[in-house]
Amino acid sequence: YTPYQAEIAQGRLEALFNFQTLISELTGLPIANASLLDEATAAAEGMSLSYAVNKKSDANRFLVDSDVLPQTYSVLQTRAEPLGILLEIADPQSFEFDDDVFGAFLQLPGCSGQLWDPSACIANAHTVGALVTAAIDPLAQVLMAPVGELGVDIAIGSTQRFGIPLGFGGPHAAFFATKEAFKRFVPGRLVGQSLDADGKPALR
């Protein structure tokens, strides 16, 4: 997790900077943060970002993949209720994108382990100005096209797949990646590289 005294922790920041770069390359999205608590929390942040940038004042429906992991759906429900967001679970290949939909959530792969091409679903979402958040397996991204290239607006997931054993406890740090247009809405912290007072590269 991001240290609070960042200015004296360049080595820690470098590790996080490398993490962000890895996530960005895997997802095909240009902006990645320095991790979130867990995948379910990251999914809720994706929904919140979609809701915050939505320009349609009456849009309050968020479509959720029926293959969603149960813990992720529970956190989505908890976050949606106080915001007045209506969650609707369905097979994503039959999602109905109306003007009151501001976003959609895809689980790739989901509980069933199925991987499918979501390009058409994403394109349909974009026709009504809805953003698409996809929960992905980072190792599966090595073998498939980066979800950013498929049109996904926000990619989230768990880093447990990077070799941390399940017995090591948890929750395991999540990742959150998105498009340049939404960088001001990204939750958590981002590590960036700039120059220090002596003109040398510095992470902050």
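Our subject is the structure listed above.
Residues numbered from 1 in each chain as written. Predicted model: local features only at pLDDT ≥ 70, side-chain atom pairs only at ≥ 80, totals over all residues. Heavy atoms only, no water.

Colleague: Can you help me understand the overall build of the protein in this one?
Modeller: Along the backbone of the protein there are 5 helices and 9 strands. Its helices and strands in sequence order give the protein the pattern α-β-α-β-α-β-β-α-β-α-β-β-β-β, from N to C terminus. The C-alpha radius of gyration computed for the protein amounts to 17 Å, which stays within 12% of the reference 17 Å derived for 204 residues, consistent with globular compactness. With 204 residues in all, the protein has 49% of them scored as buried. Once local pairs closer than 6 in sequence are excluded, the contacts in the protein between residues at least 24 apart make up 69%. When the accessible area of the protein is evaluated, it comes to approximately 10,100 Å², of which 54% is carbon and sulfur surface. Between the mean site of the 12 positive side-chain charges and the mean site of the 23 negative ones, the protein shows a separation of 10 Å. (Helix = DSSP H or I, 4+ residues; strand = E, 2+ residues; numbered from the N terminus. Rg over C-alpha atoms; globule rule 2.2 N^0.38 Å. Buried < 20%, exposed > 50% of the residue type's maximum accessible area, 1.4 Å probe, protein only. Contact = heavy atoms within 4.5 Å. Areas by Shrake-Rupley, 256 points an atom, 1.4 Å probe, with all protein chains shown as cover. Lys, Arg positive; Asp, Glu negative; His and termini not counted. Charge placed at Lys NZ, Arg CZ, Asp CG, Glu CD.)

Colleague: Help me out: how do you make sense of the pattern of salt bridges in this one?
Modeller: Oppositely charged side chains may form a pair once their charged atoms are brought near each other. In this structure the tally under the stated criterion is 7 salt bridges. Notably, a salt bridge pairs Glu45 with Arg79, separated by 3.6 Å at the nearest N-O pair. Of this pair, Glu45 sits in helix α2 (residues 39–53) while Arg79 sits in helix α3 (residues 70–83), and the two are 34 residues apart along the sequence. Its relative accessible area of 26% is what places Arg79 among the partly exposed residues. The partner of Asp98 in a salt bridge is Arg61, with the nearest N and O atoms 3.4 Å apart. (Salt bridge = Lys/Arg side-chain N within 4 Å of Asp/Glu carboxyl O.)

Colleague: Where do I start with helix α1 (residues 10–27) in this structure?
Modeller: Side chains that are three or four residues apart share a direction in an α-helix, a result of its 3.6 residues per turn. With 18 residues, α1 extends 25 Å from end C-alpha to end C-alpha; this agrees with the ideal 26 Å at 1.5 Å per step. Tucked into the core, α1 has its buried residues touching β1 (31–32), β5 (131–136), α5 (147–150), β6 (154–158), β7 (174–178) and β9 (201–203). Positioned one or two residues after α1, Gly28 has a phi angle of 75°, which is positive. (Expected span 1.5 Å × (residues − 1).)

Colleague: Can you help me understand the packing of aromatic side chains in this one?
Modeller: How two aromatic rings sit relative to each other is set out by the distance from centre to centre and by the angle between their planes. Per the stated rule, a full pass over the model turns up 3 aromatic pairs. Ring centres of Phe95 and Phe97 lie 5.9 Å apart, and the angle between their planes is 90°; on these two criteria the pair is classed as edge-to-face. Take Phe95: its relative accessible area is 10%, and that puts it in the buried class. Members of the aromatic cluster, each reached through a chain of ring pairs, are Tyr51, Phe62 and Phe102. (Phe/Tyr/Trp six-rings, centres within 6.5 Å; stacked < 30°, edge-to-face > 60°.)

Colleague: Just checking my understanding: could you explain the sheet that holds β6 for this structure?
Modeller: By way of backbone hydrogen bonds, the strands of a sheet pair with one another, either parallel or antiparallel. Taken in spatial order, the 7 strands make up an open sheet running β1-β7-β6-β5-β4-β2-β3, and their pairing is mixed. The outermost strands of the open sheet, each flanked by one partner alone, are β1 and β3 (86–90). The strands that α3 touches are β2 (61–65), β3 and β4 (101–108); relative to β3, the one it contacts most, it runs at about 155°. (Pairing = 2+ DSSP bridges. Axes fitted to C-alpha atoms, helices over the stretch in contact; angles between N-to-C directions.)

Colleague: Help me understand the side chain of Gln20 in this model?
Modeller: As for its placement among the helices and strands, Gln20 is situated in helix α1. A polar contact is formed between the side chain of Gln20 and the backbone nitrogen of Ala34, at a distance of 3.4 Å. When sequence neighbours within four positions are dropped, the list of residues in contact with Gln20 reads Ala32, Asn33, Ala34, Arg189, Leu190 and Val191. (Polar contact = N/O pair within 3.5 Å; in protein donor to acceptor, adjacent residues only side chain to side chain.)

Colleague: Quick question: what am I supposed to make of the side chain of Ser50 here?
Modeller: Take Ser50: it is sitting in helix α2. Ignoring anything within four residues of it in the chain, the contact list for Ser50 reads Phe102, Leu131, Thr133 and Ile154.

Colleague: In this structure, what is going on with the pairing of β2? I would like to understand it.
Modeller: Strand residues, when the strand is regular, have side chains that alternate between the two faces of the sheet. Taken across its 5 residues, β2 has 5 buried, putting it largely inside the fold. On β2, burial covers both faces: Arg61, Leu63 and Asp65 on one face and Phe62 and Val64 on the other are all buried. Each parallel crossover has a hand, and for β2 linked through α3 to β3 it is right-handed. The pairing of β2 with β4 spans 4 bridges and is parallel. For Phe62, the partnering residue across the bridge sits in β4 and is Gly103. (Right-handed = clockwise from strand over helix to strand, strands pointing away.)

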